[in-house]
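Structure at a glance
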Amino acid sequence: METVHTLAALRERLSRHRRPAFVPTMGNLHEGHLALVREARRHGDVTVASIFVNRLQFLPHEDFDAYPRTLQADADQLAAAGCDLLFAPNERELYPEPQAWTVQPDPALAGILEGEFRPGFFTGVCTVVMKLFQCVQPAVAVFGKKDYQQLLVIQGMVRQFAMPVQVVAGETQRAADGLALSSRNGYLSAAERAEAVQLSFALRQLAQRVQAGAPREEAEAAAVQALRERGWQPDYLTVRHRQDLLPPAPGQPRVALGAARLGATRLIDNLEF
Ligand code: PAF
């Protein structure tokens, strides 16, 4: 695998290819990312990953500075997973001037759930993804379902701007106990790590209750309360329509989504049902 740090080198290296398949990441990779890389390999004539910790998608009090930078270990894992090319620009390369132009996603989708609790987050994500797409010009881009709302927002951006990219969804990878893999799991203490799987249990129980006919809002309130009693600070646990994340009508495909803080670490997860 080759690693390039500049846009010029990236473009030069990709000039030989017609169908790049792309996995954008912020690094500190785990099996979830590597599964996306393996998925990407099925779709293109060259597999490209990027590593860039995108300042624009962090709120001032969030973990931009603490976010683990593990470039060499990440590059080794990407190479072993069969990635062909790593684009790892520094901030000056990707944002040579203050990024005054931004992509504003539809607030109906991007202003709720994660967008409500992390205002500006999806503007930051869309802006960097749009820019990375311009750099890599992928035919296919793979995003994980672990960040379910992000996947829908990116699909919406690609559709609305008629971007010539096929967005492929990668399944969430889980640890043996069911915890969704996430770079932020690394922040958890041993005791928190043992507790962390309770978020996915709470979502499963919420989905089962709604499926069994419990009123949605009551089931959501019970799920929030159950986590609170275990010491979590939940932002939301909710059941939504799978495509637009609005409250679902009977019979529509559903997804249970949750975000909650365990100690200092904010975790998210979801379950389609
Ligand atoms: O999911 C992520 O890691 C990031 O939000 C992304 C898509 C790489 C944009 O910075």
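Analysis parameters
- Along each chain, numbering runs from 1 in the same order as the chain's sequence is written.
- Given that the model is predicted, a residue must reach a pLDDT of at least 70 before its local features are reported, and side-chain atom pairs must reach 80 or more before they are shown or counted; all residues, however, enter totals for whole chains, interfaces and linings.
- The basis for every side-chain value is the complete set of heavy atoms in the structure, and neither hydrogens nor water enter the calculation.
- Put simply, DSSP marks the helices as runs of H or I at least four residues long and the strands as runs of E at least two long, and each gets a number from the N terminus on.
- Only C-alpha atoms enter the radius of gyration, while the globule expectation follows 2.2 Å times N to the 0.38, with N the number of residues.
- The rule is simple: take the accessible area with a 1.4 Å probe, protein chains only, and divide by the maximum for that residue type; under 20% is buried, over 50% is exposed, in between is partly exposed.
- Contacts: residue pairs with any heavy atoms within 4.5 Å of one another.
- Surface exposure here means Shrake-Rupley accessible area, sampled with a 1.4 Å probe, where a residue is shielded only by the protein chains that are shown.
- When charges are counted, neither His nor the chain ends are considered; positive counts come from Lys and Arg and negative counts from Asp and Glu.
- A charge is said to be at NZ when it belongs to Lys, at CZ for Arg, at CG for Asp and at CD for Glu.
- The cutoff for a nearby residue is simple: one of its non-hydrogen atoms must lie within 4 Å of the molecule or strand.
- Polar contact is the term for a pair of N or O atoms within 3.5 Å; when the atoms are in protein, one must be able to donate a hydrogen and the other to accept it, and sequence-neighboring residues count only if both atoms are side-chain atoms.
- Each residue gets one of three labels, nonpolar for Ala, Val, Leu, Ile, Met, Phe, Trp, Tyr, Cys and Pro, charged for Asp, Glu, Lys and Arg, and polar for the others, Gly among them.
- UniProt positions are given in the numbering used here, feature names are shortened, and annotations may be inferred rather than shown by experiment.
- Think of each axis as a best-fit line through the C-alpha atoms, taken over the contacting stretch in the case of a helix, with angles from 0 to 180 degrees between the N-to-C directions.
- In what follows, roughly perpendicular refers to angles from 65 to 115 degrees, roughly parallel to angles under 35, roughly antiparallel to angles over 145, and oblique to any angle outside these ranges.
- Crossing handedness is read from the near helix: turned anticlockwise from the far helix by less than a right angle, it gives a left-handed crossing, and turned clockwise, a right-handed one.

1. Overview of the overall build of the protein chain
When helices and strands are tallied, the protein chain shows 11 helices and 9 strands. Here the protein chain has a C-alpha radius of gyration of 19 Å; the compact-globule value for 273 residues is 19 Å, and the two agree. By principal-axis analysis of the C-alpha atoms, the protein chain measures approximately 55 × 40 × 35 Å. Out of the 273 residues belonging to the protein chain, those deemed buried represent 53%. In the protein chain, once contacts between residues fewer than 6 apart in sequence are set aside, the share between residues at least 24 apart is 72%. Just so you have it, the protein chain exposes about 12,900 Å², and 50% of that area is on carbon and sulfur atoms. Treating the 29 positive side-chain charges of the protein chain as one cloud and the 30 negative ones as another, the clouds have centres 3 Å apart.

2. Remarks on the site of the ligand
Taken together, P24, T25, M26, N54, Q57, V125, V128, F143, D147 and Q150 are the residues near the ligand. Contact between the ligand and Q57: an oxygen atom at 2.7 Å from a side-chain N or O atom of the residue. A distance of 2.8 Å separates an oxygen atom of the ligand from a polar side-chain atom of Q150. Taken by itself the ligand offers 290 Å² of open surface, and the protein chains cover 90% of this. Among the secondary structure elements, those contributing two or more residues to the shell around the ligand are β2 (20-25) and α7 (121-136). Looking at the shell around the ligand residue by residue, the classes come out as 5 nonpolar, 4 polar and 1 charged.

3. So, the UniProt feature "binding site: (R)-pantoate" (unreviewed entry) in the protein chain
UniProt annotation of "binding site: (R)-pantoate" (unreviewed entry) refers to Q57 and Q150 when read in the numbering used here. For the residues just named, distributed over 94 residues, the greatest C-alpha separation is only 11.6 Å, placing them together at one site. Position of Q57 among the secondary structure elements: in the loop between β3 (46-51) and α3 (71-80). Those residues in contact with Q57 that sit more than four places away from it in its chain are M26, E62, R118, F121, G124, V125 and V128. Here Q150 is to be found in helix α8 (residues 148-160). Beyond its immediate chain neighbours, meaning those up to four positions away, Q150 contacts F121, F122, V125 and F143.

4. Structural notes on the packing of helix α10 (residues 198-211) against helix α11 (residues 216-229)
For the pair α10 and α11, interaxial distance at closest approach is 9 Å and the crossing angle is 160°. Considering the angle they form, α10 stands roughly antiparallel to α11. Considering how the two elements wind past one another, α10 and α11 form a crossing that is right-handed. Seen from α10, the contacting residues are Q198, L199, A202, L206, R209 and V210; seen from α11, they are R216, A219, E220, A222, A223 and L227. Partitioning the contact of α10 with α11 into residue classes produces 8 nonpolar, 1 polar and 3 charged.

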